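Chain residues, written in single-letter form:
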Amino acid sequence: MSQPETKPFDYLIHNVNVASMATHGDYGIIENACLGVKSGVIEFIGTQEQLTAPNELESNAETVINAHNQWLTPGLIDCHTHLVYGGNRANEFEMRLNGASYEDIAKAGGGILSSVSATRAATEQQLFETASKRLKSLLKEGLTTIEIKSGYGLDTETEIKMLKVARRLGKEFPVRVSTTFLGAHALPPEYKDRADDYIDLVRNEMLPTIAELELADAVDAFCENIGFSYQQTQKVFETAKQLGLPVKLHAEQLSDQSGAGLAADFGALSADHLEYLSHESIDKMAQSGTVAVLLPGAFYFLRETKLPPIQALRDKQVPMAIATDSNPGTSPAESLLLMLNMACTLFRMTPLESLQGVTVNAAKALGLSKEIGTLEVGKKADMVLWDIDHPNQLSYQLGGSNWTRTFKG
């Protein structure tokens, strides 16, 4: 008995325009293309004429999909979020509108600490359910990969709880989750005026335990005048390096602490926020390949006026990524597409730069460039189909979604 013929692809998308994002200075456009996938990996991108049997598409794949001249891009990547947390901080939003600053709220025991209290009180299931709602909103806009940080526990038990929820989200939804341990996010109330002692807890108990449980893909910290000092951050990074974990950093959001330069010295994946970034730190980031993750949602929500040095980053060819910074206090954002528009309107980035920021450069910020971020042969088939006229439309439109379909592997 003869064996059934094996076809080259599991599925083949044809009559599609591809924005591969695989070339440096443009969208990497291939018009009227075909794309073939086998075992979750892109095996072919080209014209229909280049197929083995160009006039018999069904002989090339188990499933053939006519895209009707729509556009295919890499799956979108949200490379900086705090998606798992308890409660909300709508009351602080109102306080800010009545004149209180972010620092005023933090010093009064609000800010991150109010989220810490709510997160500690929540069960793992409750955190999963609330985070699931936020994740579903992002998935409706073509998200295929998301980074989720801890940092609202500030004790070993709750930090582990948050990271377990993040891992579970990646198992129960069609999305890749990259987890980041952010124990050095703020000083918990039980360590008031004892920041060095808390950093010792992060280094000697939290980090080794989380590394042993394999719950974190990277380590982050908040190096800021209301967070942790350069020296304290350096100690956290040293421990992370000893444990074999890559680092990233909340840096230069409210002041210049030279945190981005420190991150670059440790070969960090990214330095994030960066409104007060210095030229010296930009030079270090350029040398180390550290990605600049820009967060226009927080800039907008806090009514910040100090712009990140976009042109200086361009001049030094530092890759720029864009993310929602989805969190309860400073960017309760659940739309990555809206961040593209904000990056253009607030930061004066171009539509191309903004789309690079949630594809190829966002993949770099997570250390995943070899697998995702562009549409190329050998990459994972994380892709989104859009009913648009050109990729620049993704950053142009306010509200609504031209999303048609997501392919996850």
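Residues numbered from 1 in each chain as written. Predicted model: local features only at pLDDT ≥ 70, side-chain atom pairs only at ≥ 80, totals over all residues. Heavy atoms only, no water.

Inclusion rule: UniProt positions are given in the numbering used here, feature names are shortened, and annotations may be inferred rather than shown by experiment.
The protein chain goes by Imidazolonepropionase in an unreviewed UniProt entry, where it is assigned to Kangiella profundi. Taken directly from UniProt, the Catalytic activity (unreviewed entry) text for the protein chain runs: "4-imidazolone-5-propanoate + H2O = N-formimidoyl-L-glutamate". Per UniProt, the protein chain carries the Function (unreviewed entry) text "Catalyzes the hydrolytic cleavage of the carbon-nitrogen bond in imidazolone-5-propanoate to yield N-formimidoyl-L-glutamate. It is the third step in the universal histidine degradation pathway."

### Topic: the side chain of Gln-253
Heads up, the rule is: Counting from the N terminus, the helices are DSSP H or I runs at least four residues long and the strands are E runs at least two residues long. We call two residues in contact whenever any of their non-hydrogen atoms come within 4.5 Å of each other.
Mapped onto the fold, Gln-253 is located in the loop between strand 10 (248-251) and helix 8 (259-265). If sequence neighbours within four positions are ignored, Gln-253 has contacts with Phe-222, Glu-224, His-273, Leu-274, Glu-275, Tyr-276, Ala-298, Leu-302 and Glu-304.

### A short note on the packing of aromatic side chains
Note the threshold: Pairing of aromatic side chains requires ring centres within 6.5 Å, counting the rings of Phe and Tyr and the six-membered ring of Trp. Pairs whose planes differ by under 30 degrees are stacked, by over 60 edge-to-face, and all others tilted. Think of it in three bands: residues with accessible area under 20% of the maximum for their type are buried, residues over 50% are exposed, and the middle band is partly exposed, with areas taken using a 1.4 Å probe on protein chains only.
All told, the structure shown has nine aromatic pairs when counted by the stated rule. Their ring planes at 20° and their centres at 5.6 Å tell us that Tyr-11 and Phe-407 sit as a pair that is stacked. Note that Tyr-11 is positioned in strand 1 (residues 9-19) and Phe-407 in strand 15 (residues 403-408), a separation of 396 residues in sequence. Residue Tyr-11 is classed as buried on the basis of its relative accessible area of 14%. Phe-407 gets classed as buried once you look at its relative accessible area, which sits at 5%. A network of ring pairs unites the aromatic residues Tyr-191, Tyr-198 and Phe-228 as a single cluster.

### Comments concerning the environment of Ala-362
Checked against the element boundaries, Ala-362 lands in helix 14 (residues 360-365). Given the relative accessible area of 0%, Ala-362 is considered buried. Sequence spacing of Ala-362 and Ser-270 is 92 residues, and the spatial spacing of their C-alpha atoms is 9.5 Å. Beyond its immediate chain neighbours, meaning those up to four positions away, Ala-362 contacts Ile-77, Cys-79, Ala-321, Gln-356 and Gly-357.

### So, the UniProt feature "binding site: Fe(3+)" (unreviewed entry) in the protein chain
The test is simple: Pairs of N or O atoms are called polar contacts if they sit within 3.5 Å, as long as, within protein, a hydrogen donor faces a hydrogen acceptor (for residues adjacent in sequence, only side-chain-to-side-chain pairs).
Within the UniProt annotation, "binding site: Fe(3+)" (unreviewed entry) is assigned to His-80, His-82, His-250 and Asp-325. On the basis of their most widely separated C-alpha atoms, the annotated residues across 246 residues gather in one place, lying no more than 12.2 Å apart. Of note, His-80 is situated in the loop between strand 6 (76-78) and helix 1 (90-97). Once you skip the residues sitting within four places of it in the chain, His-80 turns out to touch Glu-147, Lys-149, His-250, Asp-272, His-273, Val-293, Leu-295, Ala-323, Thr-324, Asp-325 and Ser-326. For Asp-325, the location among the structural elements is in the loop between strand 13 (320-322) and helix 12 (336-345). Given a relative accessible area of 2%, Asp-325 falls into the buried group. Excluding residues within four positions of it along the chain, Asp-325 makes contact with His-80, Thr-81, His-82, His-273, Leu-295, Ala-298, Thr-330 and Ser-331. Within the structure, Asp-325 has its side chain in polar contact with the side chain of His-82 (distance 3.3 Å).

### Examining the state of the cysteines
Put simply, the test is: A pair of cysteine sulfur atoms is labelled a disulfide when the two atoms are within 2.5 Å.
Here the structure, examined in full by the defined rule, presents zero disulfides. Here Cys-79 is not disulfide-linked; the sulfur of Cys-344 is the nearest cysteine sulfur, at 16 Å. Residue class for Cys-79 comes out buried when judged on its relative accessible area of 2%.

### So, the pairing of strand 7 (residues 143-149)
The line we're drawing: At least two bridges found by DSSP between two strands are what make those strands a pair.
Summarising burial for strand 7: seven of the seven residues are buried, a large majority. Pairing of strand 6 with strand 7, which is carried by three bridges, proceeds in the parallel orientation. When the bridges of strand 7 are listed, Ile-77 appears paired with Thr-145.

### Description of helix 9 (residues 279-288)
Inclusion rule: This arc describes the spread of directions from the helix axis toward the C-beta atoms.
Here helix 9 has its buried residues at Ser-281, Ile-282 and Met-285. Along helix 9, the residues classed as buried sweep out an arc of 105° about the axis, all on the same side. Seen from the open side of helix 9, the exposed residues pointing more than 90 degrees away from its buried face are His-279, Glu-280 and Gln-287. Lining the buried residues of helix 9 we find helix 8, strand 11 (270-273), strand 12 (291-294) and helix 11 (310-315). Looking one or two residues past helix 9, Gly-289 carries a phi angle of roughly 80°, positive in sign.

### Things to note about the side chain of Lys-379
With respect to the helices and strands, Lys-379 occurs in the loop between helix 14 and strand 14 (382-386). The buried category is assigned to Lys-379, whose relative accessible area is 10%. Looking at Lys-379, its side chain comes within polar contact range of the side chain of Thr-374, at 2.5 Å. Filtering out sequence-adjacent residues up to four positions away, Lys-379 remains in contact with Val-41, Ile-42, Ser-369, Lys-370, Glu-371, Ile-372 and Thr-374.

### Section: the environment of Lys-316
Checked against the element boundaries, Lys-316 lands in the loop between helix 11 and strand 13. Setting aside its immediate chain neighbours within four residues, Lys-316 contacts Ile-282, Asp-283 and Ala-286. At 3.4 Å, the side chain of Lys-316 and the side chain of Asp-283 are in polar contact.

### Digging into the packing of helix 5 (residues 156-172) against helix 6 (residues 195-212)
Quick reminder of the rule: Axis geometry follows a simple rule: fit a line to the C-alpha atoms, using only the stretch in contact for helices, then measure angles between N-to-C directions, giving values from 0 to 180 degrees. In this scheme, roughly parallel covers angles under 35 degrees and roughly antiparallel covers those over 145, while 65 to 115 is roughly perpendicular and the rest are oblique. For any helix crossing, the convention is left-handed if the near helix is rotated counterclockwise from the far helix by under a right angle, and right-handed if that rotation is clockwise. Any residue that is not Ala, Val, Leu, Ile, Met, Phe, Trp, Tyr, Cys, Pro, Asp, Glu, Lys or Arg is counted as polar, Gly included; the first ten are nonpolar and the last four charged.
Contact geometry of helix 5 with helix 6 gives a least axis separation of 10 Å together with a crossing angle of 30°. When the axis of helix 5 is compared with that of helix 6, the two are roughly parallel. Relative to helix 6, the crossing made by helix 5 is right-handed. Here helix 5 contributes Thr-156, Glu-159, Ile-160 and Leu-163 to the contact with helix 6, which in turn contributes Glu-205, Met-206, Thr-209 and Ile-210. Of the residues assigned to the contact of helix 5 with helix 6, the class counts are four nonpolar, two polar and two charged.

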